[in-house]
Amino acid sequence: MDPLIITVAPVGAEVTRADNPNVPYTPEEIAEECYLAWREGASIAHIHGRDEHGTATQDPKVYREIIERVKEKTGGDMIIQVSTGGAVGMSAAERVAPVSLKPDMATLTCGTVNFGDGIFTNSRGDMEFFAAAIKENGVLPEFEIFDAGMIENARRLAQKGLITLPGHFDFVMGVPGGISGDPRNLMHLMSLIPEGSTWTVAGIGRHELPLAAMAVVLGGHVRVGFEDNIYYSRGILAKSNAQLVARIVRLATELGRPVAKPDDARKILGLRRKEN
Ligand code: KMH
Ligand code: ZN
């Protein structure tokens, strides 16, 4: 079994300091959370930006500052993955902007899904637009799967030559409106992706830890962080993203699964270290 790749998602578009006062907002705070998570064993930083008011932004200037700081703090070791999901309601043009920075990776959501009270829109045209931009910029896509049918959409993108499969998938499980965090759903999603693909799981809220444990055992990879979950345990807020990462490292170690360094993760994902 490959070593376990841990992705940290230190802040998404939705979570606020009212939910957990430890949520990072500024580029320095976000980069520091990534750095501390990297020290604990995270290889990939899944990045979302916030503006000076703490509101979600896809502004490349904000992303550039976060990325430069993460690279400086980790000596260029950490793998940078930008979000093209952004926040519900953003335009596709706005969402794609950080891809122009040519990070190592970018997310590519493979379909529309109800997202709490909102609708996270990813029409076929949107998906093709994101896929083309990701390809043009030489960035590795991570296919965000919020429901089973999205895997079929990924296959359609591959048929059009906009992405290459097998590839790397992220099963986002437990979003209200998407596939639930039921363990049987993880087994089902695993069974649907093309042979030779890799996968990680981002369990939302209370689903984060049990699904991570399953991924450790089943040969998948794990994403944790405040974007997905603000709690350490029931009713107890997590102190930091690093705390959530450290728990996954302990869990994997107890279960006999080695944890990937970023260069191990690059090998598994077929990435080369970027000099920019
Ligand atoms: N904020 C969600 C609507 C991604 O990063 O690519 C979408 C999201 C997915 O967070
Ligand atoms: Zn995200």
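See above for the structure.
With respect to the overall build of the chain
Point 1. What the chain contains, in helices and strands, is nine helices and 14 strands.
Point 2. Taken over C-alpha atoms, the radius of gyration comes to 17 Å for the chain, in line with the 19 Å a tight globule of 276 residues would show.
Point 3. Considering only C-alpha atoms, the chain reaches an extent of 45 × 40 × 40 Å along its principal axes.
Point 4. Considering the chain as a whole, with its 276 residues, one finds that 56% of them fall into the buried category.
Point 5. Excluding contacts between residues fewer than 6 apart, the proportion of contacts in the chain whose partners are at least 24 apart in sequence is 72%.

Thoughts on the environment of V175
Point 1. Secondary-structure assignment places V175 in the loop between β10 (168-173) and α6 (183-192).
Point 2. Given a relative accessible area of 7%, V175 falls into the buried group.
Point 3. Each C-alpha atom of the pair V175 and L4 lies 24 Å from the other, and the pair is 171 residues apart in sequence.
Point 4. Residues within four places of V175 in sequence aside, it is in contact with N114, F115, F146 and I204.

Side note on the side chain of S83
Point 1. Summarising the element assignment, S83 is placed in the loop between β5 (79-82) and α3 (92-96).
Point 2. For S83, the side chain forms a polar contact with the main-chain nitrogen of G86, separated by 3.0 Å.
Point 3. In contact with S83, other than residues within four places in its own chain, are H46, I47, H48, Q58, Y63, R95, P98 and T107.

Brief notes about the packing of aromatic side chains
Point 1. For the coordinates displayed, the defined rule picks out seven aromatic pairs.
Point 2. Consider the rings of F115 and F120, whose centres lie 6.0 Å apart with planes at 70°: the pair is edge-to-face.
Point 3. On the accessibility criterion, F115 (22% relative accessible area) is partly exposed.
Point 4. The ring centre of Y25 lies 4.1 Å from the NZ or CZ of R17, which sits over that ring.
Point 5. Against the face of Y232 rests R247, its NZ or CZ located 3.9 Å from the ring centre.

Points about the coordination of the zinc ion (ligand 2)
Point 1. Coordination of the zinc ion (ligand 2) by the protein involves H46 (NE2), H48 (NE2) and E227 (OE), with metal-donor separations of 2.1 Å.
Point 2. When the donor residues of the zinc ion (ligand 2) are listed from N- to C-terminus, their spacing reads H-x1-H-x178-E. Of the two residues, H48 is situated in the loop between β2 (44-47) and β3 (49-50) and E227 in the loop between β12 (221-224) and β13 (231-233); the sequence distance between them amounts to 179 residues.

A short note on unusual backbone geometry
Point 1. Going from L165 to P166, the amide bond is cis rather than trans, its omega being 5°.
Point 2. Structurally, the position occupied by P166 is in the loop between α5 (149-159) and β10.

Considerations on a nonpolar patch on the surface
Point 1. Together, M187, V217, L218 and L255 make up an exposed nonpolar region whose accessible area comes to about 340 Å².
Point 2. As for its placement among the helices and strands, V217 is situated in helix α7 (residues 208-218).

Considering the nonpolar core
Point 1. Grouped together as the largest cluster of nonpolar side chains are 74 residues, with contacts concentrated most on I145 and F171.
Point 2. When near neighbours in sequence (up to four residues on either side) are disregarded, F171 contacts I145, I151, L186, L189, M190, I193, W199, T200, V201 and A202.

Description of the pairing of strand β11 (residues 198-203)
The side chains of a regular strand alternate, residue by residue, between the two faces of the sheet.
Point 1. Within β11, six of the six residues are buried, leaving the element largely enclosed by the surrounding structure.
Point 2. Residues T198, T200 and A202 point to one face of β11 and W199, V201 and G203 to the other, with burial holding for every one of them.
Point 3. As judged from the six bridges shared by β10 and β11, these two strands associate in the parallel manner. Across the sheet, the residue bridging to M173 is G203, located in β11.
Point 4. Following the chain from β11 across α7 to the adjacent parallel β12, one finds a crossover that is right-handed.

Observations regarding the packing of α6 against α7
Point 1. As a packed pair, α6 and α7 sit with axes 10 Å apart at the nearest point and diverge in direction by 40°. The angle between α6 and α7 places the two elements in the oblique class. For the pair α6 and α7, the sense of crossing is right-handed. Contacts between α6 and α7 pair P183, L186, M187 and M190 from the former with L211, M214 and L218 from the latter.

What counts, and where the lines are drawn
- Residues numbered from 1 in each chain as written.
- Chains lettered and ligands numbered in written order.
- Predicted model: local features only at pLDDT ≥ 70, side-chain atom pairs only at ≥ 80, totals over all residues.
- Heavy atoms only, no water.
- Helix = DSSP H or I, 4+ residues; strand = E, 2+ residues; numbered from the N terminus.
- Rg over C-alpha atoms; globule rule 2.2 N^0.38 Å.
- Buried < 20%, exposed > 50% of the residue type's maximum accessible area, 1.4 Å probe, protein only.
- Contact = heavy atoms within 4.5 Å.
- Polar contact = N/O pair within 3.5 Å; in protein donor to acceptor, adjacent residues only side chain to side chain.
- Phe/Tyr/Trp six-rings, centres within 6.5 Å; stacked < 30°, edge-to-face > 60°.
- Lys NZ or Arg CZ within 6 Å of the ring centre and 35° of its normal.
- Donors = N, O, S within 2.8 Å, 3.2 Å for Na, K, Ca; no water.
- Patch = residues over 30% accessible without salt bridge, like charges linked within 9 Å, V, L, I, M, F, W, Y side chains within 5 Å.
- Areas by Shrake-Rupley, 256 points an atom, 1.4 Å probe, with all protein chains shown as cover.
- Salt bridge = Lys/Arg side-chain N within 4 Å of Asp/Glu carboxyl O.
- Core = buried A, V, L, I, M, F, W, Y, C linked by side-chain atoms within 4.5 Å.
- Pairing = 2+ DSSP bridges.
- Right-handed = clockwise from strand over helix to strand, strands pointing away.
- Axes fitted to C-alpha atoms, helices over the stretch in contact; angles between N-to-C directions.
- Parallel < 35°, antiparallel > 145°, perpendicular 65-115°, else oblique.
- Left-handed = near helix turned anticlockwise from the far one by under 90°.

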